[in-house]
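A closer look at the structure
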Amino acid sequence: MTKQKLLLLDGNSLAYRAFFALPLLTNDSGIHTNATYGFTTMLQKIIGEENPTQMLVAFDAGKTTFRHESFGEYKGGRQKTPPELSEQFPYIRKLIDAYNIKRYELEMYEADDIIGTLAKQAAGQGIEVIVVSGDKDLTQLATEDVTVYITRKGITDIEKYTPAHIEEKYGLTPEQIIDMKGLMGDQSDNIPGVPGVGEKTAIKLLKEHGTIEKLYEAMDSLKASKMKEKLVDNEEMAHLSKKLATIHTDAPLTISLDDLAYAGPDEEALLNVWQELGFKSLIEKSDFEAVETEQAELVFENVQAITGDMLKETMAIHLELENEHYHSCNALGLALSDGERTVYTAIDNVVDNADLKAWLQDETKKKYIVDSKATQAMLHRLGIELKGVEFDLLLASYILKPSISGDDVATLAKEFGYQDVQSNEAIYGKGAKWFVPGADHVAEHVSRKAVAVWNLQPLLEQKLKENEQFELYKELELPLAHILGKMESEGITVNIDTLRQMGDDLKAKLEVMEATIYELAGEKFNINSPKQLGVILFDKLGLPVIKKTKTGYSTAADVLEKLQSEHDIVKHILEYRTLAKLQSTYIEGLIKEVHKEDLKVHTRFQQALTSTGRLSSTNPNLQNIPIRLEEGRKIRKAFVPSKKDWILFAADYSQIELRVLAHMCGDDALVEAFQQGMDIHTRTAMDVFNLENPDEVTSLMRRTAKAVNFGIVYGISDYGLSQSLDITRKEAAIFIENYLQSFPGVKNYMDTSIEEAKKAGFVTTILNRRRYLPDITSSNFNLRSFAERTAMNTPIQGSAADIIKKAMIDMNARLEHEGLQTKLLLQVHDELIFEAPKEEIEILERIVPEVMENAIKLSVPLKVEFSYGATWYDAK
DNA sequence: AGATTGCTA
DNA sequence: AAATTTAGCAATCTA
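Residues numbered from 1 in each chain as written. Chains lettered and ligands numbered in written order. Predicted model: local features only at pLDDT ≥ 70, side-chain atom pairs only at ≥ 80, totals over all residues. Heavy atoms only, no water.

Focus on the overall build of chain A
A count of helices and strands for chain A gives 35 helices and 23 strands. Residue burial in chain A is summarised as follows: out of 876 residues, 52% are buried. Counting contacts in chain A only where the partners sit at least 6 residues apart, residues at least 24 apart contribute 67% of the total. Here chain A has roughly 40800 Å² of accessible surface; of this, 49% comes from carbon and sulfur atoms. A distance of 4 Å separates the average location of the 100 positive side-chain charges in chain A from that of its 136 negative side-chain charges. (Helix = DSSP H or I, 4+ residues; strand = E, 2+ residues; numbered from the N terminus. Buried < 20%, exposed > 50% of the residue type's maximum accessible area, 1.4 Å probe, protein only. Contact = heavy atoms within 4.5 Å. Areas by Shrake-Rupley, 256 points an atom, 1.4 Å probe, with all protein chains shown as cover. Lys, Arg positive; Asp, Glu negative; His and termini not counted. Charge placed at Lys NZ, Arg CZ, Asp CG, Glu CD.)

Right, dumping it as structure tokens:
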């Protein structure tokens with residue numbers, strides 16, 4: 001039998017060490033993970049290196065210990081444990097349990113004493129003992145059989161204290177460590193020691209006299225000195241301090257060495273905890289990754305045809321797709337489940353099945369789905385118009401936990417404690433390794449998804465109701481998904497010839513500019529490489545360095561603008577950049593996205609992604625088509641109606657975010673300004689610059705006021721405002737100060753929002769959308785400040801998002817009600833873009849503003865402006 | 001895969 | 001003592 005080896009860990013000390021050694025990390029669900037992560041890596045390393053046969057992690061029990069009886073101030077004056085660390089202790093315990101390591105704490109005793117007692121017992125039985133802690137006091141336990149590992153700097157860097165090492169380092173024996181501490185005291189434990197005696201003096205005295213007791217016995221023979229006086233005056237304290245510093249090796253433990261056997265972790269439990277904490281790198285590195293969580297057996301049928309008897313009044317369905325590009329990819333198969341019976345069929349059996357098609361199109365047959373929009377769009381391509389969506393797991397999860405990233409059923413399900421479904425990656429692999437496994441594997445995987453959706457529906461609806469978010473989900477997001485699906489499937493027509501023509505012009509211009517830039521630089525280089533460009537500008541041409549990035553010189557536009565007067569090349573680079581951006585992103589990029597079949601682009605609106613409730617748009621992103629500069633704005637000429645004699649009609653909310661702010665903060669001056677229909681930036685300028693008359697506001701003042709207004713919405717700092725206006729910080733601070741004095745209600749709103757976030761842990765929008773802000777109480781300035789700004793910004797941005805979403809639903813209903821041909825095509829945060837036959841323009845001019853302005857009633861009016869034209873460019 | 005840059009509301 | 005304005009997506013370069 002191999003020699004036994006016992007590892008004794010000081011849980012509290014190591015957790016503290018890990019916490020302070022690592023930056024405040026946060027995982028997806030907002031839990032801090034630096035201590036848990038550091039603790040885990042330390043465990044991994046030490047177990048891997050030492051291969052212990054027994055293990056124990058000792059913790060301090062309560063607040064008071066036997067040491068407090070002899071010295072009330074013991075450990076007094078200690079900083080309270082930071083909440084970011086306290087919240088991690090439960091997870092550390094979970095981790096230890098998952099490792100199958102014994103945990104132990106004992107009333108009235110500290111972890112040190114538990115460790116000391118067990119170390120002594122084990123050494124007595126000839127067991128090799130290793131003690132691990134971040135606290136050097138423990139080194140007093142070192143013997144021939146006991147080695148003490150103390151963490152250095154980080155958490156995995158370790159210094160090994162044997163008696164020999166202690167002798168070498170201090171010239172003392174391990175027992176003398178106690179005397180040393182008795183003399184020098186310990187600030188962290190509030191042990192006083194002898195004032196004026198530090199490490200050097202203590203060591204010197206102990207080398208000479210051996211122990212504190214012998215030192216005092218020999219006191220009379222010492223020559224008079226300041227030092228001697230101090231020692232004599234504090235004799236009692238010295239003895240007490242030594243007593244406090246002594247680790248007890250005879251604590252009345254209720255466990256024995258036999259309870260400490262260690263035989264490796266419970267891999268499944270450990271994976272679960274790691275998953276919960278988001279330790280993706282550890283999960284990937286672990287050699288037990290292949291061990292998938294044991295899944296409950298699933299009964300399902302892989303059938304050739306879905307028959308009428310399988311189609312119930314209410315069912316979960318899952319249409320499995322190859323990937324997320326549901327406007328172009330293939331579908332693999334369809335599973336249906338009513339909780340009792342689960343059937344799957346390959347996609348080829350779906351299209352021609354009249355019963356199934358009728359059932360899918362039947363409004364009265366209720367469907368539970370994950371990502372109903374994707375399902376609707378894919379089925380639409382197969383000639384099936386999905387109706388009767390009753391539940392959408394993706395949207396429900398998003399409302400409950402906006403921070404979840406990913407739309408994989410397994411990810412969503414796990415968030416709500418459901419394990420019996422595997423990740424897409426586990427089934428298909430990813431990247432170059434992606435492939436579709438055998439039909440039976442797919443059938444089971446897809447069936448499991450349908451069953452998961454079925455099982456999660458009641459739980460999520462209940463949670464939504466508990467949060468008073470059911471209405472937001474059911475009346476806003478769910479119907480919106482249907483509308484967005486229609487918009488995406490409809491698509492918007494792109495005139496490729498227009499783009500090609502623009503691309504050719506750009507190409508010619510870019511070639512000329514390239515030549516000019518090479519000429520001015522004196523050599524050829526890759527202008528698109530910030531690194532190479534940096535070398536040219538700052539090394540070769542010697543331009544002053546204004547800003548640096550992590551990796552080198554910054555060559556961003558705001559930097560280059562400041563360098564324009566320094567060298568001719570700069571303005572050419574700026575111009576080159578502008579055109580190159582248009583060429584690659586908006587000409588070439590857009591052309592790639594045009595579907596050949598209908599000459600349209602079909603974006604995907606991500607409805608469960610942003611933390612504020614906004615939509616986002618991908619493949620292509622149609623929410624960032626250029627408009628500010630004329631050169632870029634011309635791209636919009638390529639967006640045209642799908643039919644002859646139709647037009648594009650665009651309607652946007654004017655200053656919706658400021659109006660929302662006015663509504664939410666109720667500031668009299670701001671509310672009044674909007675109620676009177678004033679130009680809000682002019683009004684702000686009058687307040688910021690202390691003017692009586694609107695005529696006194698210059699265009700520069702208005703521009704400044706506009707920047708202040710934007711800043712206010714984002715939770716500005718003087719620095720930020722100074723950057724955006726290119727003014728000094730002081731000037732910026734004065735503007736903000738003046739603003740907040742003129743609109744005290746806004747100031748109050750900011751403070752209240754932060755207060756609310758601290759109290760409830762989240763902020764809310766008009767329609768009760770939530771954003772959780774765990775960092776609001778962080779001790780890390782940056783994290784906390786960011787959370788504070790988002791506490792102010794999210795209700796504003798999110799409520800504006802609520803309003804336009806509601807407007808989309810109302811608009812859809814109104815178009816249907818009026819029996820119009822007009823189609824909603826795009827949403828760009830505060831604007832809606834329609835295509836319409838010319839004959840309907842007049843009606844739209846009337847109903848679009850009406851519907852949008854009345855989507856949600858605020859205490860200030862909402863204002864909508866509109867325009868239309870033959871292309872998106874002309875709708876201005 | 002991450003960093004840099006630049007486009008939108 | 002240091003950083004400093006919200007929310008996104010995509011192209012390109014570099015390691």
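Focus on the protein's contact with DNA strand B
As a structural note, the neighbourhood of DNA strand B is formed by 21 residues, with Thr555, Ala557, Ile627, Arg628 and Asp830 the closest of them. Here a phosphate oxygen of DNA strand B and a side-chain polar atom of Thr551 are 2.9 Å apart. Looking at which element gives the most residues to the surface near DNA strand B, the answer is helix 25 (residues 568–593), with 3 residues. A class-by-class count of the residues in the surface near DNA strand B yields 8 nonpolar, 7 polar and 6 charged. (Near = heavy atom within 4 Å. Polar contact = N/O pair within 3.5 Å; in protein donor to acceptor, adjacent residues only side chain to side chain. Nonpolar A, V, L, I, M, F, W, Y, C, P; charged D, E, K, R; others polar.)

Brief notes about the nonpolar core
By size, the foremost hydrophobic cluster in this structure holds 149 residues, and its most contacted members are Phe639, Tyr653, Leu661 and Leu670. Among the elements that make up this core, the one with the highest residue count is helix 34 (residues 781–818) (12 residues). If we skip the residues at most four places from it in the chain, Leu670 touches Leu661, Ala662, Cys665, Ile680, Tyr739, Phe743 and Val746. By size, the runner-up hydrophobic cluster in this structure holds 49 residues, among which are Ala111, Val129, Leu172 and Leu231. (Core = buried A, V, L, I, M, F, W, Y, C linked by side-chain atoms within 4.5 Å.)

As for the protein's contact with DNA strand C
Looking at DNA strand C, there are 36 residues lining it, with Ser529, Tyr714, Ser717, Gly720 and Arg729 nearest. Backbone atoms, meaning sugar and phosphate, form 72% of the atoms of DNA strand C found within 4 Å of the protein. A distance of 2.5 Å separates a phosphate oxygen of DNA strand C from a polar atom in the side chain of Ser529. Take Arg729: an N or O atom from its side chain is 2.5 Å from a base oxygen of DNA strand C. Among the elements of the structure, helix 23 (530–540), helix 25, strand 16 (616–618), helix 31 (718–725) and helix 34 are those that each provide at least two residues to the surface near DNA strand C. Of the residues forming the surface near DNA strand C, the biggest block, 7 residues, is contributed by helix 34. Residues belonging to the surface near DNA strand C are distributed by class as follows: 7 nonpolar, 24 polar and 5 charged.

As for the environment of Tyr518
Looking at the element boundaries, Tyr518 is found in helix 22 (residues 496–521). Residues Tyr518 and Gly819, 301 residues apart in the sequence, show an inter-C-alpha distance of 60 Å. In this view, Tyr518 contacts Glu523, Lys524, Phe525 and Ile527; residues no more than four positions away in its chain are not counted.

A look at the packing of aromatic side chains
Evaluation of the coordinates by the stated rule reveals 16 aromatic pairs. Ring centres 4.9 Å apart and planes at 45° place the aromatic pair Phe538 and Tyr553 in the tilted group. Highlighted residues: Phe538 in helix 23 and Tyr553 in the loop between helix 23 and helix 24 (557–563), separated in sequence by 15 residues. You can call Phe538 buried: its relative accessible area is 8%. Assessed through its relative accessible area of 25%, Tyr553 is described here as partly exposed. Judged by centre distance (6.3 Å) and plane angle (70°), the rings of Phe649 and Phe834 are edge-to-face. With Phe649 in strand 18 (residues 646–653) and Phe834 in strand 22 (residues 831–837), the pair connects residues that are 185 residues apart, well separated along the chain. (Phe/Tyr/Trp six-rings, centres within 6.5 Å; stacked < 30°, edge-to-face > 60°.)

Some points on the sheet that holds strand 4 (residues 128–133)
In spatial order, the strands read 3-2-1-4-5-6; together these 6 strands make up an open sheet with mixed pairing. A single partner strand is all that each edge strand has here, and the edge strands are strand 3 (102–105) and strand 6 (158–161). For this sheet, the mean angle separating the axes of adjacent strands, direction not counted, is 25°. Where strand 1 (residues 5–10) meets strand 4, 5 bridges bridge the pair, whose relative direction is parallel. (Pairing = 2+ DSSP bridges. Axes fitted to C-alpha atoms, helices over the stretch in contact; angles between N-to-C directions.)

Side note on the side chain of Thr610
By secondary structure assignment, the location of Thr610 is in the loop between strand 15 (604–606) and strand 16. Accessibility expressed as a relative area gives 14% for Thr610, which makes it buried. Here the side chain of Thr610 touches Gly613 through a polar contact of 3.1 Å, landing on its backbone nitrogen. At 2.7 Å, the side chain of Thr610 forms a polar contact with the backbone oxygen of Arg614. Those residues in contact with Thr610 that sit more than four places away from it in its chain are Tyr398, Leu615 and Ser616.

Topic: the sheet that holds strand 22
On the basis of which strands lie adjacent, the open sheet formed by 4 strands has the order 21-22-18-23 and antiparallel pairing. Each having just a single partner strand, strand 21 (823–827) and strand 23 (864–869) make up the two edges of the open sheet. The average undirected angle you get between the axes of adjacent strands in this sheet is 25°. Across 6 bridges, the pairing between strand 18 and strand 23 is antiparallel. By the bridge assignment for strand 23, Phe649 is matched with Tyr868.

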